[in-house]
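Observations on the three-dimensional arrangement
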Amino acid sequence: MLRTFDLVLIGVMTAAAAVTYTIKHRAELKLEEVQRLEAEIKLEKDTIDLLKADWALQSQPNRLERLVNAYNSELQLQPTDSTALAHARELPMLKSQVPPPDVTEAKAGDAKAGAKLGVAAKSQPIPMPAPREAEDADQIETGAVE
């Protein structure tokens, strides 16, 4: 009996060691994945910083003025009037936001009959957003991301 009990305990210890090793191995794999993701995040942050620095260099006013003067004859650039700017809410709706027309089968049948007779079907106007109160002209939304 004592030997059977010893064999059972050895089996339990072997199973516990196998489970412990498996858990340790999975934890090491997860740690490697976390380190890989942290390295990717650091690379992306460095890339963003580099792109921001590049944008700062590319958009320097003296550089842009030099380019405008160099290519003015070809591009014929003109300053933008302040009245030419529009807010995003002043633009018409996107096609994906336009509600579908409410056409019943009777109207569809009438349109087909009118088309056969040479009468053009009337198109429905595109809905526009309701006008909003005027804002201060000094607060222009550029859509810049910071």
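Residue indices begin from 1 for each chain and proceed along its sequence in written order. With the structure being a predicted model, the display of local features is reserved for residues of pLDDT at least 70 and the display and counting of side-chain atom pairs for 80 or more, all residues being used for whole-chain, interface and lining totals. The side-chain numbers reported here are obtained from all heavy atoms of the structure, hydrogens and water having been left aside.

1. Details of the overall build of the protein chain
Helix and strand content of the protein chain: three helices and zero strands. Secondary structure elements in the protein chain, listed N-terminal to C-terminal, are α-α-α. Split by element, the accessible area of the protein chain, about 14200 Å² in all, is 61% carbon and sulfur. A run of H or I in DSSP counts as a helix once it spans at least four residues, and a run of E counts as a strand once it spans at least two, with each numbered from the N terminus. Residue burial considers only the protein chains on display, and all accessible areas are found by Shrake-Rupley using a 1.4 Å probe.

2. A short note on helix α2 (residues 61-75)
Over its 15 residues, α2 runs only 18 Å from end to end, short of the ideal 21 Å by more than 12%, given 1.5 Å per residue. Counting buried positions over the 15 residues of α2 gives zero, only a small fraction of the element. Looking at the residues trailing α2, positive phi occurs at Gln76, about 50°. Take the number of residues in a helix, subtract one, and multiply by 1.5 Å to get its expected span. Note on exposure labels: buried denotes an accessible area under 20% of the residue type's maximum, exposed denotes more than 50%, and partly exposed covers the range between, all computed with a 1.4 Å probe on protein chains only.

3. Some words on the pattern of salt bridges
Salt bridges are counted wherever a side-chain nitrogen of Lys or Arg sits within 4 Å of a carboxyl oxygen of Asp or Glu. This model, assessed by the stated rule, comprises three salt bridges. Among the ionic pairs, Arg36 bridges to Glu40, the shortest N-O distance being 2.7 Å. A residue pair is termed a helical-turn pair when its members lie 3 or 4 positions apart in one helix, as Arg36 and Glu40 do in helix α1 (residues 2-58) at four residues. By relative accessible area, which is 39% here, Glu40 ends up partly exposed.

4. Looking at a nonpolar patch on the surface
Patch criteria: residues need more than 30% relative accessible area and no salt bridge. Like-charged residues are merged within 9 Å; nonpolar side chains of Val, Leu, Ile, Met, Phe, Trp and Tyr are merged within 5 Å. Together, Leu64, Leu67, Val68, Tyr71, Leu75 and Leu77 line one region of the surface with nonpolar side chains, adding up to about 500 Å² of accessible area. In this structure, Leu67 sits in helix α2.

5. Considerations on the confidence of the model for the protein chain
pLDDT measures how confident the predictor is about each residue, on a scale from 0 to 100. Per-residue confidence for the protein chain gives a mean pLDDT of 80; residues scoring 70 or more make up 69%. Mean pLDDT across the elements of the protein chain ranges from a minimum in helix α3 (residues 105-117), with 56, to a maximum in α1, with 95.

6. Looking at the environment of Thr47
Here Thr47 lies in helix α1. Here the side chain of Thr47 touches Leu43 through a polar contact of 2.8 Å, landing on its backbone oxygen. Definition of a polar contact: a pair of N or O atoms within 3.5 Å, with one able to donate and the other able to accept a hydrogen when the atoms are protein atoms, and with sequence-neighbouring residues admitted only if both atoms are side-chain atoms.

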